[in-house]
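Tertiary structure, described
One letter stands for each residue in the lines below.
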Amino acid sequence: FPTRRSSDLTELFETAGNAGTNITTGLHAGVRDNFSYKLMFEHDRTNHYPNPLIGPGREHDKGRENFRGNFFTDYKFNERSHASFAGGIDYFDRDIDPGLVPTAVPSRVFANGGLGFVKFNYAFDDFKAQFVWDRIDMDLRAPFLPQRVPFPGNTAKFDVQHSVNLGNENILTAGVSN
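The rules behind these values
Residues numbered from 1 in each chain as written. Predicted model: local features only at pLDDT ≥ 70, side-chain atom pairs only at ≥ 80, totals over all residues. Heavy atoms only, no water. Helix = DSSP H or I, 4+ residues; strand = E, 2+ residues; numbered from the N terminus. Buried < 20%, exposed > 50% of the residue type's maximum accessible area, 1.4 Å probe, protein only. Contact = heavy atoms within 4.5 Å. Pairing = 2+ DSSP bridges. Salt bridge = Lys/Arg side-chain N within 4 Å of Asp/Glu carboxyl O. Phe/Tyr/Trp six-rings, centres within 6.5 Å; stacked < 30°, edge-to-face > 60°.

Inspection of the secondary structure assignment puts Asp 44 in strand β3 (residues 35-47). Overall, Asp 44 belongs to the buried group, its relative accessible area being 6%. Not counting residues up to four positions away in its chain, the partners in contact with Asp 44 are Asn 22, Ile 23, Arg 64, Glu 65, Asn 66 and Arg 68.

The next subject is the pairing of strand β8 (residues 149-166). One ladder, built from 14 bridges, connects strand β7 (residues 127-141) with β8; its direction is antiparallel. From the neighbouring strand, Asp 137 faces β8, where its bridge partner is Pro 152. Sheet topology places β8 next to strand β9 (residues 170-177); eight bridges connect them, and they run antiparallel. In the strand pairing of β9, Ser 163 is matched with Thr 173. If you look at the hairpin formed by β8 and β9, you'll find three residues sitting between the two strands, and Gly 167 has a positive phi there, around 85°.

Here we come to the environment of Asn 121. Of note, Asn 121 is situated in strand β6 (residues 109-124). Beyond its immediate chain neighbours, meaning those up to four positions away, Asn 121 contacts His 82, Ala 83, Ser 84, Ala 129 and Gln 130.

This model, assessed by the stated rule, comprises eleven salt bridges. In this structure, Asp 44 engages Arg 68 in a salt bridge whose closest nitrogen and oxygen atoms are separated by 3.5 Å. One end of the pair, Asp 44, is in strand β3; the other, Arg 68, is in strand β4 (residues 62-78), with 24 residues separating them in the sequence. By relative accessible area, which is 21% here, Arg 68 ends up partly exposed.

Between two aromatic rings, the relevant description is the distance of the centres plus the angle of the planes. Taken as a whole, this structure holds four aromatic pairs when the rule is applied. Seen in terms of ring centroids, Phe 35 and Tyr 37 are 5.9 Å apart; in terms of plane orientation they differ by 25°. Their pairing is stacked. Measuring from ring centre to ring centre gives 5.0 Å for Tyr 75 and Phe 77, while their planes differ by 70°; the resulting arrangement is edge-to-face. By relative accessible area, Phe 77 is classed as partly exposed at 45%.

These figures come from the coordinates and say nothing about function on their own.
This is the structure we're talking about:
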């Protein structure tokens, strides 16, 4: 993050390599007085390396493809208190088993779907609270599966903690989490 009181940073990155590797990343971050933020987007694609046991990609030709985006914001209320909020997504299409285990029936397993998260933090002196929600929603498919297999899931977590100084060298921290 930039550290001046008011500033912006924008960067674009491009990476290319063997096996169709192409990674494009865009990043923008800034600070406005007590508010700071970061936005990021990425497209990441790599073909699988050829496997002579199964031949060229029959179902599709990519080892993985991801579209990612996330953000982070932070607001400093005063010297003792601040809050942050973040979130992100990752949409993917992936060959998670490119036939590495030789079998009579090709063992290729593909997954596509998405991951997401939201995170909120608040701190006031030695008190901290955090809420996190994660989501996965993907389908598995393979030649040996009769249909796509959905794989959804959600998790949520809430934490609070408080710390107390016990002299110059010791701190006692207690918290609750669900």
